[in-house]
Structure formats: structure tokens, C-alpha cells
Amino acid sequence: MTKKFLEDAFAGESMAHMKYLIFADEAEQRGLKKLVNLFKAIAYAEFVHARNHYRELGKIHKEMAENVKQCLDGENFEIDEMYPVYNTTAQFQDEKGAERSTRFAWEAEKIHAGMYEKAKELAEKGEDYSADKIYICPVCGHTAEEEPPEKCPVCGAARNAYREFSV
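Residues numbered from 1 in each chain as written. Predicted model: local features only at pLDDT ≥ 70, side-chain atom pairs only at ≥ 80, totals over all residues. Heavy atoms only, no water.

### Some remarks on the overall build of the chain
- Counting its secondary structure elements, the chain contains four helices and three strands.
- Ordering the α and β elements of the chain from the N terminus gives α-α-α-α-β-β-β.
- In terms of overall dimensions, the chain has a C-alpha envelope of 45 × 45 × 40 Å along the principal axes.
- Considering the chain as a whole, with its 167 residues, one finds that 30% of them fall into the buried category.
- Counting contacts in the chain only where the partners sit at least 6 residues apart, residues at least 24 apart contribute 48% of the total.
- If the 23 positive side-chain charges of the chain are averaged to one point and the 31 negative ones to another, these points end up 5 Å apart. (Helix = DSSP H or I, 4+ residues; strand = E, 2+ residues; numbered from the N terminus. Buried < 20%, exposed > 50% of the residue type's maximum accessible area, 1.4 Å probe, protein only. Contact = heavy atoms within 4.5 Å. Lys, Arg positive; Asp, Glu negative; His and termini not counted. Charge placed at Lys NZ, Arg CZ, Asp CG, Glu CD.)

Pasting the structure below:
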């Protein structure tokens, strides 16, 4: 029973963390800097709670390849099982927004799986990931290493819209 409660608490804290970051982004677009700060601060607290629960569940491994494998397994589940069903259902029910949202995520997850596969192989050799820069499309989540494309191949967003993550 305790394990189930920790799993549920992890899910709830994770969802709260993401929800608060989404609200922070919305507040930032409206210039509400102090509200952004509040959302981000409490989002971090929810992250701490989620991390603590995840640790107690024994899901954080010393071997980095095991942690990366969890990510790869999650991406493959989304690619093979989750998004095909969600996207087909949205199409069947003529829910255009849900169809677009699930298609965007599905396409990005395929790229992420490839990246995690490469990361797992490197981690098994005790090596760090190879890309210095990763670019994310803020509209659909399309992901590119080192340089973004001129135009997002999934949603058509311009190159300069991509957000850079670099070391």
C-alpha cells in the first residue's frame, strides 16, 4: 500500500511541478515577474517532493545507463503504445487540437528515443553524451542536436524560434 501511495504521490507532485512551470510561462508572457517567481519557486518544491518519492521507490540507480534506460523505455512506450492510440482516438473523435498535440509529441518522442539510445550506449562505456547543443521547437517539441533546422519539419516554426540548451 505504501508503494502505491508513493507512486501516486510521485505522479501528483510531477504533475503539479509541470503545471506550475506552465503557469509561470503564461505569467511571464504577461509581464508578471513576481508571479513567475512564485510559480517557479513552488514548482521547484514540487520537484523536490517528486524526487524524494522517486528515490524512496528505488528508481534512481547508481549506474547512469540504468537511469537512461528508464527514459528510453518511457519514450518507446509513448511511441509504440500511447501516442498511436491517443492520436487515432483524437482523429476518430474529430478533436483537431488533441490530434495535433499528440502528433507533435509523438514525432518528438521518436527523436528522443534515438537520442536516449545513443546516450545509453555512451553511458554503458562510462562516457558523457556527445551533443554540446540541443535545440527544442517551442511549438511542437521537435528536437535537434548542434543546429536547428531552417524550418521545423513537424510544425513549420522558424529556425530562430528554437530554444537552445547548451553546456
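Following the structure, the description resumes.
### A few points about the packing of aromatic side chains
- Counted by the stated rule, this structure contains four aromatic pairs.
- Ring geometry for Phe-23 and Phe-39: centres 5.7 Å apart, planes at 55°, overall tilted. Remark: Phe-39 occurs in helix H2 (residues 33–56) and Phe-23 occurs in helix H1 (residues 2–29); sequence separation between them is 16 residues.
- Consider the rings of Tyr-83 and Tyr-86, whose centres lie 6.2 Å apart with planes at 90°: the pair is edge-to-face. Separated by three residues within a single helix, Tyr-83 and Tyr-86 lie in helix H3 (residues 64–92), roughly one turn from each other.
- Positioned above the aromatic ring of Trp-106, the side-chain terminus of Lys-110 is 4.9 Å from the ring centre. (Phe/Tyr/Trp six-rings, centres within 6.5 Å; stacked < 30°, edge-to-face > 60°. Lys NZ or Arg CZ within 6 Å of the ring centre and 35° of its normal.)

### Comments concerning the sheet that holds strand E1 (residues 133–136)
- In space, the three strands of this open sheet follow the order E2-E1-E3, with antiparallel pairing throughout. At either end of the open sheet lies a strand with only one pairing partner, and these are strand E2 (143–145) and strand E3 (163–166). Within this sheet the neighbouring strands show an average axis-to-axis angle of 25°, counted without direction.
- Across four bridges, the pairing between E1 and E3 is antiparallel. Looking across to E3, one finds that Tyr-135 is bridged to Glu-164.
- Sheet contacts for helix H4 (residues 96–124): E1 and E2; angle to E2, the most-contacted strand, approximately 40°. (Pairing = 2+ DSSP bridges. Axes fitted to C-alpha atoms, helices over the stretch in contact; angles between N-to-C directions.)

### Overview of the pairing of E1
- Note: E1 against E2, three bridges, orientation antiparallel. Directly across from Ile-134, in E2, lies its bridge partner Glu-145.
- Hairpin connection from E1 to E2: six residues lie between these consecutive antiparallel strands, with Gly-141 at a positive phi of about 90°.

### Some thoughts on the pattern of salt bridges
- One pass over the full model with this rule turns up 11 salt bridges.
- Across the salt bridge formed by Lys-69 and Asp-73, the nearest N and O atoms sit 2.8 Å from each other. Residue Lys-69 and its partner Asp-73 are both found in helix H3; the two are separated by four residues, about one turn of the helix.
- Across the salt bridge formed by Glu-107 and Lys-110, the nearest N and O atoms sit 3.1 Å from each other. One end of the pair is Glu-107 and the other is Lys-110, both in helix H4 and three residues apart, which spans about a single turn.
- Through salt bridges with shared partners, a single network forms among Glu-147, Glu-150 and Arg-159. (Salt bridge = Lys/Arg side-chain N within 4 Å of Asp/Glu carboxyl O.)

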